[in-house]
Amino acid sequence: MPDRTKINLHAVLGRSSVNGPGWRVVFFFQGCRRQCRGCFNPDTHAETPRLLCAPDEILAAHLKTDTIEGITVSGGEPFLQPKGLLGLLKEARLMGLSTVVYTGFEHGELMEDETKSRCLDYVDVLVDGPYVEDEKEKGLLARGSTNQTFHFLTGRYGIKDFYMPGKVEILIGGDGSVRGTGFSRVELFKAARP
């Protein structure tokens, strides 16, 4: 029986190649208490309800192609919603998808909480640690800052899989909106300025 625990989502990116290995669906959870200076996603901080969905519903709605290798979960802070996160990760695993989760918590902190630690049973790669602006990742490794650690919890991936040929994608919506995703701030139209 599917998990009906609702997840408060900020946004879903239906196809990305810079948020982990291969083509991935990216789920950005709503809510974060860290307030990291220079955060890439400050709009995700408020914990007020935004888009409430059950894990099976959002996976069914966004996995419309067999070219998707896995899901990436980011935020906000996914582990502030551990029951919903657990449901999403379980559903993804049942579908044969790989799972990558980015969190501001450290691995040891997650292990101290039963529900949070159960999530790790369904995670292939955990990237942990808060974003530290002064330690920004300048290379092609898919993380925000160098203090963040990759934990390879299964043998599915290794560090070489997290070197991205590009760290940013520019997305143009059907309505003409332009936004960026990835592991660097995107200043759109900067070159067009005098």
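Source: prediction; values computed, not measured.

Student: So, a negative patch on the surface: which residues are in play, and what are the values?
Tutor: A surface patch of negative charge is lined by Glu-106, Glu-109, Glu-112, Asp-113 and Glu-114. What makes Glu-106 partly exposed here is its relative accessible area of 47%.

Student: Go over unusual backbone geometry, please, and point to the residues and values.
Tutor: The residue after Gly-75, namely Gly-76, is reached through a cis peptide bond having omega 10 degrees. Looking at the element boundaries, Gly-76 is found in the loop between strand S4 (70-74) and helix H2 (82-94). Phi is positive for Gln-35, close to 55 degrees, though the residue is something other than glycine. Within the element layout of this structure, Gln-35 appears in the loop between strand S2 (24-29) and strand S3 (51-53).

Student: Go over the pattern of salt bridges, please, and point to the residues and values.
Tutor: Here the structure, examined in full by the defined rule, presents eight salt bridges. The partner of Arg-37 in a salt bridge is Asp-134, with the nearest N and O atoms 3.1 Å apart. Here Arg-37, found in the loop between S2 and S3, pairs with Asp-134, found in the loop between strand S6 (125-128) and strand S7 (149-152); they are 97 residues apart in sequence, far enough to count as distant. Across the pair, exposure class does not vary: Arg-37 and Asp-134 are exposed alike. A salt bridge links Lys-160 to Asp-161; its shortest N-O distance comes to 3.7 Å. On the accessibility criterion, Lys-160 (64% relative accessible area) is exposed. Since its relative accessible area comes to 23%, Asp-161 is described here as partly exposed.

Student: Which residues make up helix H1 (residues 55-62), and what values go with them?
Tutor: Those residues of H1 that sit buried are Pro-55, Asp-56, Ile-58 and Leu-59. Each buried residue of H1 sits inside an arc of 165 degrees when the element is viewed along its axis, so together they form one side.

Student: An account of the environment of Gly-38 is requested, with residue identities and associated values reported.
Tutor: Structurally, Gly-38 can be placed in the loop between S2 and S3. By relative accessible area, Gly-38 is classed as buried at 18%. Counting along the chain gives 98 residues from Gly-38 to Lys-136, while the straight-line C-alpha distance between them is 9.7 Å.

Student: Could you give me a rundown of the packing of H1 against H2, with the residues and numbers involved?
Tutor: Across the interface, H1 lies against H2 with an axial gap of 8 Å and an inter-helix angle of 45 degrees. By the angle between their directions, the pair H1 and H2 is classed as oblique. Handedness of the crossing formed by H1 with H2: right-handed. Contact residues: Pro-55, Asp-56, Ile-58 and Leu-59 in H1; Gly-84, Gly-87, Leu-88, Glu-91 and Ala-92 in H2.

Student: If you had to explain the sheet that holds strand S5 (residues 98-103) to someone new, which residues and values would you point to?
Tutor: Within the open sheet, the seven strands sit side by side as S3-S1-S2-S4-S5-S6-S7. Their pairing is mixed. Pairing within the sheet leaves two strands with one partner each, and these edge strands are S3 and S7. In this sheet, neighbouring strand axes are inclined to one another by 30 degrees on average, regardless of whether the strands run parallel or antiparallel. Where strand S1 (residues 7-16) meets S3, three bridges bridge the pair, whose relative direction is antiparallel. Bridge pairing in S3 links Ile-7 to Cys-53. Of the strands in this sheet, S1, S2, S3 and S4 touch H1, which is tilted by about 25 degrees from S1. Sitting on the sheet, H2 is in contact with S1, S2, S4 and S5, with an inclination near 165 degrees to S4.

Student: Tell me what's going on with the pairing of S4, and back it up with residues and numbers.
Tutor: On a regular strand, one side chain projects to one face of the sheet and the next to the other, so that they alternate. Counting buried residues in S4 gives five out of five residues, a clear majority hidden from the surface. Neither face of S4 is exposed, since Gly-70, Thr-72 and Ser-74 on one face and Ile-71 and Val-73 on the opposite face are all buried. In this structure, S4 lies alongside S5, joined through four bridges in parallel fashion. Bridged to Ile-71 within S5 is Thr-99. Note on the crossover from S4 through H2 to S5: the handedness is right-handed.

Calculation notes
- Residues numbered from 1 in each chain as written.
- Predicted model: local features only at pLDDT ≥ 70, side-chain atom pairs only at ≥ 80, totals over all residues.
- Heavy atoms only, no water.
- Patch = residues over 30% accessible without salt bridge, like charges linked within 9 Å, V, L, I, M, F, W, Y side chains within 5 Å.
- Areas by Shrake-Rupley, 256 points an atom, 1.4 Å probe, with all protein chains shown as cover.
- Salt bridge = Lys/Arg side-chain N within 4 Å of Asp/Glu carboxyl O.
- Lys, Arg positive; Asp, Glu negative; His and termini not counted.
- Charge placed at Lys NZ, Arg CZ, Asp CG, Glu CD.
- Buried < 20%, exposed > 50% of the residue type's maximum accessible area, 1.4 Å probe, protein only.
- Helix = DSSP H or I, 4+ residues; strand = E, 2+ residues; numbered from the N terminus.
- Arc of directions from axis to C-beta.
- Axes fitted to C-alpha atoms, helices over the stretch in contact; angles between N-to-C directions.
- Parallel < 35°, antiparallel > 145°, perpendicular 65-115°, else oblique.
- Left-handed = near helix turned anticlockwise from the far one by under 90°.
- Contact = heavy atoms within 4.5 Å.
- Pairing = 2+ DSSP bridges.
- Right-handed = clockwise from strand over helix to strand, strands pointing away.

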